[in-house]
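Structural characterization, general
Next come the chains, spelled out residue by residue.
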2 protein chains.
Amino acid sequence: MTETGARLLVDWGTTNLRAFLVDASREILERQASDQGILSVPPDDMPALLDQLAAPWSERLRGAPAVLCGMVGSINGWTEVPYVTCPAAPADLPKGAQKVTSAAGREVFILPGLTRHRRLGGELMQADVMRGEETQIFGALRHLKRSDATFCLPGTHAKWARVEAGRCADFATYFTGELYSVLIRHSLLGRLMEQAGDEAETALPEGFERGLRVAQAAEGLTGSLFSARADVLAGFMTKAESPGYLSGLLIGFEIREALPRFSPGVGAPGPIVIVGAHGLVPLYRTALHHSGVRVEELDGDTAVIAGLLQASELLDI
Amino acid sequence: MTETGARLLVDWGTTNLRAFLVDASREILERQASDQGILSVPPDDMPALLDQLAAPWSERLRGAPAVLCGMVGSINGWTEVPYVTCPAAPADLPKGAQKVTSAAGREVFILPGLTRHRRLGGELMQADVMRGEETQIFGALRHLKRSDATFCLPGTHAKWARVEAGRCADFATYFTGELYSVLIRHSLLGRLMEQAGDEAETALPEGFERGLRVAQAAEGLTGSLFSARADVLAGFMTKAESPGYLSGLLIGFEIREALPRFSPGVGAPGPIVIVGAHGLVPLYRTALHHSGVRVEELDGDTAVIAGLLQASELLDI
């Protein structure tokens, strides 16, 4: 424990950075957010950037260490921190953390991400990885005072995770967000849509609902995508509904894939805990309700702060 | 029948044009191919371009009419020819053809495409469309002397079709080719691959085979895409195998979706008739064999010529 008990907690992702100053009683005193994700900061500049984050809070932080999670621990980040393999407990994150030093000499602990290997059949192995979401998941677990839960974290690469007896037993990445983005921007489907963009999906509840219904009834995704065009030609929906439809289709198929794996309960499954503050959260809420699943929601900042705090306590810094 | 019995047959698609001169005995005398698809030719220039195609063959063609199929009959083509609705017979194509005139006054018959509407459940209707493939399908049927068959036409938007008692009963478009292309060119997966491009897929049989196996064993496509990256990080495959893997994954999921719908036979299903000359054909052959399906193959030119000839005979021109 440092002189003041304050801590600097940072979620340093691919495109964004979120920093929090907390005091000894776990109160969040201040926060900073920027688009200085690891893609926009050369690794050599990261030690100095950490000091910049600490500067406005230097009086309260004094020599307190910083705890970081996210892509900052990847091969393109500050230093590469090897993944911890599932099943993994919250204490495995500080155990696997790497200690580095900022330009001004502040101690910095970078938490590892998680990986999971699973056997698909025979000798066929499949891997998955996350960096940052594991800290949100363990933080959410602590915040909700649970030891068993299913989580869904919407995003460019949505993550689902199953926690059992306090350990992350399984997780998977769904390419839904990036798939929507590349199809809207670069495919024939996007070119033929009247309206496309980030707002399009939330603005068109009718198209979205239609996409969810098709995702439940059709054979699969590859054979359903072209209907975003053909259903307009046939007059089954308007051109303006098409982007919302595509979004519903993709999220609907994600849920259809993920539910049997992560929430195999009989009858009404759930609840699924949606973690995040992303604009996608309301879409996932609607989509999960549409599939008859109960949901709870937790803000992403709350989850990551709880996770970083837990790690810093376990690090005993 | 014209004075010479010769005919000008044209498959005029989105990005390509293929023209054939046939004589009265159905012999193919000469052929032309170019990239003058409808995307690169303004509709107003199409009547004159038809005369250019006829020019080198003018002595043998004399006043013979031309028969065209493909996207030339779409709203962005020469003239819009309304779709014929499935189930559809070969005779429905000439019945639905539109007659136009070239710049020099030659008669031109543009064949319609097909559409099919199906009920997914409740009031939920889903549409699909094709322009050009229907002529290949009916041509292949005639060439093979069949009245029942399942067809697979690989391409940017692969088509599967089921013909029963000589009529196209059902078909579907699979977005596989375009999905591969946008993911390789514009997604995180493509950026992280060592080698990407048109050759990548055929050059890497190991990666391709792995993709097929994952497509058979995993829950779905959305949750499998990220493994093209994660399996490299885990050392389960090399970075160079990753594009072939993605190709196998996408084609594998297409087949997994399409087989139960188009070839519901018990035991060893098939045969599936693969129609085309595209570089994708060997990949589909491998993938269908991998799923235990017998295949036959027919060259795309042979199929479309047979289909255009049949239409021209039914038009009685």
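The structure this text deals with has already been given above.
So, here's what we can say about the structure. Since we're looking at a predicted model, the values are computed, not measured.

**Some words on the interface of chain A and chain B**
Counting from both sides, the interface comprises 46 residues of chain A and, opposite them, 46 residues of chain B. Taken over both partners, the interface formed by chain A and chain B buries close to 4200 Å², and the fraction arising from carbon and sulfur atoms is 66%. Among the residues of chain A in contact with chain B, A:Phe175, A:Thr222 and A:Phe226 are the three that bury the most area, contributing 16% of the side total. The interface formed by chain A and chain B holds 4 salt bridges in total. Put simply, B:Arg261 and A:Glu219 hold a salt bridge, and the shortest N to O gap is 3.7 Å. The tally of links from chain A across to chain B stands at 17 residue pairs in polar contact (both at pLDDT 80 or more). Of all the secondary-structure elements, those providing two or more residues to the side of chain A that touches chain B are β8 (114-121), β9 (124-130), β12 (167-174), α5 (176-186), α6 (188-191), α8 (205-217), α9 (227-233) and α10 (242-262) of chain A. The residue makeup of the side of chain A that touches chain B, split by class, is 24 nonpolar, 12 polar and 10 charged.

**Thoughts on the relation of the copies chain A and chain B**
Least-squares fitting of chain A to chain B yields an RMSD of 0.0 Å, with the transformation described by 0.0 Å of translation along the axis and a rotation of 180°. The relationship between the two copies is best expressed as a two-fold rotation axis. Taking the C-alpha atom as reference, chain A places A:Val182 closest to the rotation axis, 3.3 Å from it. Interface overlap between copies: 100% of the residues of chain A at the interface are likewise at the interface in chain B, consistent with a symmetric, same-surface contact.

**Considering the nonpolar core**
Formed by 54 residues in total, the largest nonpolar core has its most connected members in A:Leu225 and B:Leu225. Discounting chain neighbours no more than four positions away, the residues touching B:Leu225 are A:Phe175, A:Leu179, B:Leu183, B:Leu189, B:Leu246, B:Leu249 and B:Leu250.

**Remarks on the packing of α5(A) against helix α5 (residues 176-186) of chain B**
Relative orientation of the contacting elements α5(A) and α5(B) amounts to 100°, with a least axis distance of 10 Å. Classified by the angle their axes make, α5(A) and α5(B) are roughly perpendicular. Between α5(A) and α5(B), the residues in contact are A:Glu178, A:Leu179, A:Val182, A:Leu183 and A:His186 and B:Glu178, B:Leu179, B:Val182, B:Leu183 and B:His186, respectively.

**Let's talk about the pairing of strand β1 (residues 7-12) of chain B**
Residues and elements named next belong to chain B. Of all 6 residues in β1, 6 are buried, a share of seventy percent or more. Because side chains alternate across β1, one face comprises the buried residues Arg-7, Leu-9 and Asp-11, and the other comprises Leu-8, Val-10 and Trp-12, equally buried. If you look at the hairpin formed by β1 and strand β2 (residues 17-22), you'll find 4 residues sitting between the two strands. As defined by bridge partners, β1 adjoins strand β4 (residues 66-69) across 4 bridges and the pair is classed as parallel. Opposite Val-10, over in β4, you have Leu-68 as the bridge partner.

**Examining the sheet that holds strand β7 (residues 107-110) of chain B**
All names here are of chain B. Taken in spatial order, the 6 strands make up an open sheet running β3-β2-β1-β4-β7-β6, and their pairing is mixed. Strands at the two margins of the open sheet, each flanked by one partner only, are β3 (28-34) and β6 (98-101). With direction set aside, neighbouring strand axes in the sheet form an average angle of 20°. In the packing of helix α12 (residues 300-315) onto the sheet, contacts are made with β1, β2, β3, β4 and β7, and the angle to β1 comes to roughly 125°.

**What to know about the sheet that holds β8(A)**
Residue and element names in this part refer to chain A. Across the sheet, which stays open at both edges, the 3 strands sit in the order β5-β8-β9 with mixed pairing between neighbours. Looking along the sheet, the strands with just one partner apiece sit at the ends: β5 (84-85) and β9. Where β5 meets β8, 2 bridges bridge the pair, whose relative direction is parallel. Note that in β8 the partner of Thr-85 across the bridge is Thr-115.

The rules behind these values
- In every chain, residue numbers begin from 1 and rise along the written sequence.
- Key to labels: chains lettered from A, ligands numbered from 1, both in the order written.
- Whole-chain, interface and lining totals are the exception, using all residues; otherwise, since this is a predicted model, local features are given only for residues with pLDDT of at least 70 and side-chain atom pairs are given and counted only at 80 or more.
- Side-chain numbers here rest on the full set of heavy atoms in the structure, without hydrogens or water.
- Whether two residues touch is decided by their heavy atoms; if any such pair falls within 4.5 Å, the residues are in contact.
- Using a 1.4 Å probe, buried area is obtained as the accessible area two parts lose upon being combined, added over both of them.
- When a carboxyl oxygen of Asp or Glu is within 4 Å of a side-chain nitrogen of Lys or Arg, the pair counts as a salt bridge.
- Two N or O atoms count as a polar contact when they lie within 3.5 Å, although within protein this holds only if one can serve as hydrogen donor and the other as acceptor, and sequence-adjacent residues are included solely when both atoms are side-chain atoms.
- Comment: elements are numbered from the N terminus, with helices defined as DSSP H or I runs of at least four residues and strands as E runs of at least two.
- Charged residues are taken to be Asp, Glu, Lys and Arg, nonpolar residues to be Ala, Val, Leu, Ile, Met, Phe, Trp, Tyr, Cys and Pro, and polar residues to be all remaining types, Gly included.
- A least-squares fit on C-alpha atoms brings the copies together, and the residues used are those whose pLDDT is at least 70 in both copies.
- In this text, buried Ala, Val, Leu, Ile, Met, Phe, Trp, Tyr and Cys residues form a nonpolar core when linked through side-chain atoms within 4.5 Å.
- Residue burial is assigned from relative accessible area. The probe radius is 1.4 Å, only protein chains are included, and a residue is buried under 20% of its type maximum, exposed over 50%, and partly exposed in between.
- Axis lines are fitted through C-alpha atoms, for helices just across the contact stretch, and the angle between N-to-C directions can take any value from 0 to 180 degrees.
- Reported orientations rely on four angle classes, namely roughly parallel under 35 degrees, roughly antiparallel over 145, roughly perpendicular from 65 to 115, and oblique for the rest.
- In short, DSSP must find at least two bridges between two strands for them to pair.

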